[in-house]
Amino acid sequence: MDNREAIGSWLSGPRATAEGMGADFGYRGERLGLPAEGTGSVASLGRRFGAIFVDWALAVVIAYGWLAGGELGATNNWALAVFLVMSLLTVGTVGSTPGKRLLGLRVVSVHGLGRLPAWRVLVRTALLGLAVPALIWDRDGRGLHDQLSGAVQVRI
């Protein structure tokens, strides 16, 4: 193995390296019975990051304008609270936050692919507030907060 191959495997990650050696992981969502593309397929990471950016921006605007009274230092704490309440209420009722809706995503239950029950939304939101579970993904691209709450983010 030359240096370029070693560096390439490091940059592309373990999945690409294993696939290069002949391992077949299938597509994201295959183990969950979801389609490979189109409506109902696992949401891409780009769309999910875009949605969380929109939701966070909305939470900061609300926190700065109404809750923190225009004090920049107090905005961050309020923004997290607004973000979590917004996520809890919107995912619990319509299945998507404003950012997810804007980018064509929805949070559904893996068990039957319907709306997520209220207690699972609460677990998902609490874990999302910790941030770390959202940074640990499985091979289907689901964060630990989605895995533990039995949820998956799909395209609509």
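Residues numbered from 1 in each chain as written. Predicted model: local features only at pLDDT ≥ 70, side-chain atom pairs only at ≥ 80, totals over all residues. Heavy atoms only, no water.

## Description of the side chain of Arg48
Thought 1: Its place among the elements puts Arg48 in helix α2 (residues 45–67).
Thought 2: As a buried residue without a salt bridge, Arg48 has its nearest oppositely charged side chain in Asp146, at a separation of 4.5 Å.
Thought 3: The residues touching Arg48, leaving out its near neighbours within four places in the chain, are Ala43, Leu105, Trp137, Gly141, Arg142, Gly143, Asp146 and Gln153. (Helix = DSSP H or I, 4+ residues; strand = E, 2+ residues; numbered from the N terminus. Buried < 20%, exposed > 50% of the residue type's maximum accessible area, 1.4 Å probe, protein only. Lys, Arg positive; Asp, Glu negative; His and termini not counted. Salt bridge = Lys/Arg side-chain N within 4 Å of Asp/Glu carboxyl O. Contact = heavy atoms within 4.5 Å.)

## Let's talk about the environment of Ser87
Thought 1: Here Ser87 lies in helix α3 (residues 72–93).
Thought 2: Every residue in contact with Ser87, bar those within four places of it in the chain, is listed here: Gly92, Thr97, Arg124, Thr125 and Leu128.

## Remarks on the side chain of Ser41
Thought 1: With respect to the helices, strands and loops of the structure, Ser41 is situated in the loop between α1 (3–20) and α2.
Thought 2: In this structure the side chain of Ser41 is engaged in a polar contact, spanning 2.6 Å, whose partner is the backbone oxygen of Gly38.
Thought 3: Setting aside its immediate chain neighbours within four residues, Ser41 contacts Pro35, Ala36, Gln153, Val154 and Arg155. (Polar contact = N/O pair within 3.5 Å; in protein donor to acceptor, adjacent residues only side chain to side chain.)

## Focus: the packing of aromatic side chains
Thought 1: Tallying each qualifying case throughout the model produces two aromatic pairs.
Thought 2: Ring geometry for Trp56 against Phe83: centres 5.7 Å apart, planes inclined by 65°, an arrangement best described as edge-to-face. Residue Trp56 is found in helix α2, and its partner Phe83 is found in helix α3; the two are separated by 27 residues along the sequence. (Phe/Tyr/Trp six-rings, centres within 6.5 Å; stacked < 30°, edge-to-face > 60°.)

## Section: the nonpolar core
Thought 1: Ala59, Val82, Phe83, Met86, Leu128 and Ala134 together form the largest nonpolar core, which totals six residues.
Thought 2: Broken down by element, this core gets its largest block of residues, three residues, from α3.
Thought 3: Each residue touching Ala134, except ones within four places of it in the same chain, is listed here: Leu128, Gly143 and His145. (Core = buried A, V, L, I, M, F, W, Y, C linked by side-chain atoms within 4.5 Å.)

## Let's talk about the pairing of strand β1 (residues 105–109)
Thought 1: β1 sits mainly inside the fold: four of its five residues count as buried.
Thought 2: In this structure, β1 lies alongside strand β2 (residues 151–155), joined through five bridges in antiparallel fashion. Residue pairing in the sheet places Leu105 in a bridge with Arg155 of β2. (Pairing = 2+ DSSP bridges.)

## As for a nonpolar patch on the surface
Thought 1: Where nonpolar side chains cluster on the molecular surface, the patch consists of Phe49, Ile52, Phe53 and Trp137 and spans about 460 Å² of accessible area.
Thought 2: On the secondary structure map, Trp137 appears in the loop between α5 (118–130) and α6 (144–149).
Thought 3: The exposure class of Trp137 is partly exposed, given its relative accessible area of 40%. (Patch = residues over 30% accessible without salt bridge, like charges linked within 9 Å, V, L, I, M, F, W, Y side chains within 5 Å. Areas by Shrake-Rupley, 256 points an atom, 1.4 Å probe, with all protein chains shown as cover.)

## Quick notes on α5
Thought 1: In a regular helix each residue adds 1.5 Å, so 13 residues correspond to 18 Å; α5 covers 19 Å between its end C-alpha atoms and thus fits that length.
Thought 2: Those residues of α5 lying buried are Arg120, Val121, Arg124, Thr125, Leu127 and Leu128. The arc enclosing the buried residues of α5, seen along the axis, measures out at 165°, which places them on a common side. Set apart from the buried face of α5 by more than 90 degrees, the exposed residues are Ala118, Trp119 and Leu130.
Thought 3: Directly beyond the C-terminal end of α5, a positive phi value near 70° is found at Ala131. (Expected span 1.5 Å × (residues − 1). Arc of directions from axis to C-beta.)

## What to know about the environment of Gly104
Thought 1: Within the secondary structure layout, Gly104 lies in the loop between α4 (98–102) and β1.
Thought 2: Gly104 sits 57 residues away from Arg47 along the chain, and the two C-alpha atoms are 8.3 Å apart.
Thought 3: Those residues in contact with Gly104, other than ones at most four positions away along the chain, are Arg47, Val154, Arg155 and Ile156.

## Things to note about the pattern of salt bridges
Charged atoms that come close allow side chains of opposite charge to pair.
Thought 1: Enumeration over the complete set of coordinates arrives at four salt bridges.
Thought 2: With a closest N to O distance of 3.7 Å, Arg31 and Asp138 form a salt bridge. In this pair, Arg31 is assigned in the loop between α1 and α2 and Asp138 in the loop between α5 and α6, connecting sequence segments 107 residues apart.
Thought 3: Taking relative accessible area as the criterion, Asp138 reaches 18% and is therefore assigned buried.
Thought 4: Measuring nitrogen to oxygen at the nearest pair gives 2.6 Å for the salt bridge that ties Asp146 to Arg124.

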